[in-house]
Structures are given as structure tokens and as C-alpha cells.
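# Reading the structure
The chain contents come next:
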Amino acid sequence: MPACLILQGGLGAVAAALLAALHGSGGIEAARSLYRALLPLPPPGGDFFRALLQLEVQHAATAAAGGKAGSKAGGRAGGTAAVAAAGAPLSLRQLQDLFEAAADAYGASDVQLWLTYAEWHATAGRPEDVAAVYWKARKSLAAPEAFETAYQLRFKLAPTALA
């Protein structure tokens, strides 16, 4: 990252950039230490939440893929050793709590946050919770029309739904 990089978006963008840099240099545990320290403070910005949710969802996906690779390799833990060294993924409940904190802070205006939350439930094998996120988003958003349109395109008209 260039030293002269100018960040726009306020404290949330700065916190997101710091979180990404710390993750790159110190791994998921270092990034978690930072965001756990920042979460109790007044919300730093939607960029921060988007960055931490992206890191955690990617880490969980990597851990799941590593676990499957390890089990396919005759039960050897070779695929999971690197993930374990990088830090255990958060539980589904912990990830949901992070999404809820983001929604509490920015749910009135951040359509993409709600779509990401619904998408996470769909890919985490919890499709029954996708509808709950939809209804909560409709109640929380000041202008839910953009969310409803994007949600319909993603979940009702997705190629897998048409097959």
C-alpha cells in the first residue's frame, strides 16, 4: 500500500484499511484483536463493518475448504493445519452477531449490507434465515425499494432458482 494513499470515507475507511493491513501482516487473530477493540466504540463507519465481515466470511470459507481438503486426503489434517495456525473461524452465531452489530449501526441506509447478510445466510446453509433478514431489512431501511429490487433479482431470479 503506498504511503501517500489518500483515504476517503472518514474513520470507517481508515479503520477498514488498518484492518486489512493488520490482517495481511498479522493474520486473522491480529485483525480480530483490532476490531474487537473498536466494536465497543461509537461506530467507526460502514467501511469498517464491510471489511471485518469480508475477512471473517472469507476466513470461514477458507477453513471449510481446508477441512474438506483434509478429509478428502484420507483423514490427514494437512489442509486444516494452516487454517488452525491462522486462527479458528468464528462460529455461525459469532458471525451473525457481527452482521447484527453492523445492521444496528448502518441498517437504516446500507442496502448492500442487508444483501450481503442475506447472501451469507443463503451460502451458510441457513436459507430459512434469509427471509428473516429480508423482513428485518424492509423494516430497518429508510428507503427499502432498492433493497427489494436487488433482493428479488438475487434470490428470485437467480439462475439456480430458474433451473
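Higher on the page you've got the structure.
First, a word on what this report is: a plain description of the structure on this page. (Residues numbered from 1 in each chain as written. Predicted model: local features only at pLDDT ≥ 70, side-chain atom pairs only at ≥ 80, totals over all residues. Heavy atoms only, no water.)

Further remarks concern the packing of aromatic side chains. Following the criterion strictly, the structure yields eleven aromatic pairs and no others. Centre to centre, the rings of Tyr117 and Trp120 are 6.5 Å apart; their planes meet at 25°, and the pair counts as stacked. In this pair, Tyr117 and Trp120 are both assigned in helix H5 (residues 111-123), three residues apart and thus about one turn of the helix distant. Comparing Tyr117 with Trp120, the two get one shared label, buried. Of the aromatic side chains, those joined through ring pairs into one cluster are Tyr134, Trp135, Phe147, Tyr151 and Phe155. Against the face of Phe155 rests Arg154, its NZ or CZ located 4.6 Å from the ring centre. (Phe/Tyr/Trp six-rings, centres within 6.5 Å; stacked < 30°, edge-to-face > 60°. Helix = DSSP H or I, 4+ residues; strand = E, 2+ residues; numbered from the N terminus. Buried < 20%, exposed > 50% of the residue type's maximum accessible area, 1.4 Å probe, protein only. Lys NZ or Arg CZ within 6 Å of the ring centre and 35° of its normal.)

In this structure, Leu19, Leu52, Trp114, Phe147 and Tyr151 are the most contacted members of the largest nonpolar core, which totals 34 residues. Mapped onto this core, the elements with two or more residues apiece are helix H1 (11-38), helix H2 (46-72), helix H4 (92-106), H5, helix H6 (127-140) and helix H7 (145-156). Sorting elements by how many residues they give to this core places H1 first, with seven residues. If we skip the residues at most four places from it in the chain, Trp114 touches Ala103, Gly107, Val133, Lys136, Ala137, Ser140, Leu141 and Phe147. (Core = buried A, V, L, I, M, F, W, Y, C linked by side-chain atoms within 4.5 Å. Contact = heavy atoms within 4.5 Å.)

Moving on, we get to the pattern of salt bridges. Taken as a whole and assessed by the stated rule, the structure comprises eight salt bridges. Arg50 serves as the salt-bridge partner of Asp110, at 2.4 Å between the closest nitrogen and oxygen. Of the two residues, Asp110 is situated in the loop between H4 and H5 and Arg50 in helix H2; the sequence distance between them amounts to 60 residues. Relative accessible area serves as the criterion here: at 36%, Arg50 is assigned to the partly exposed category. Its salt-bridge partner being Asp97, residue Arg93 comes within 3.0 Å of it at the nearest N-O pair. A residue pair is termed a helical-turn pair when its members lie 3 or 4 positions apart in one helix, as Arg93 and Asp97 do in helix H4 at four residues. Relative accessible area serves as the criterion here: at 49%, Arg93 is assigned to the partly exposed category. The structure contains a network of salt bridges with shared partners spanning Glu29, Arg32 and Glu56. (Salt bridge = Lys/Arg side-chain N within 4 Å of Asp/Glu carboxyl O.)

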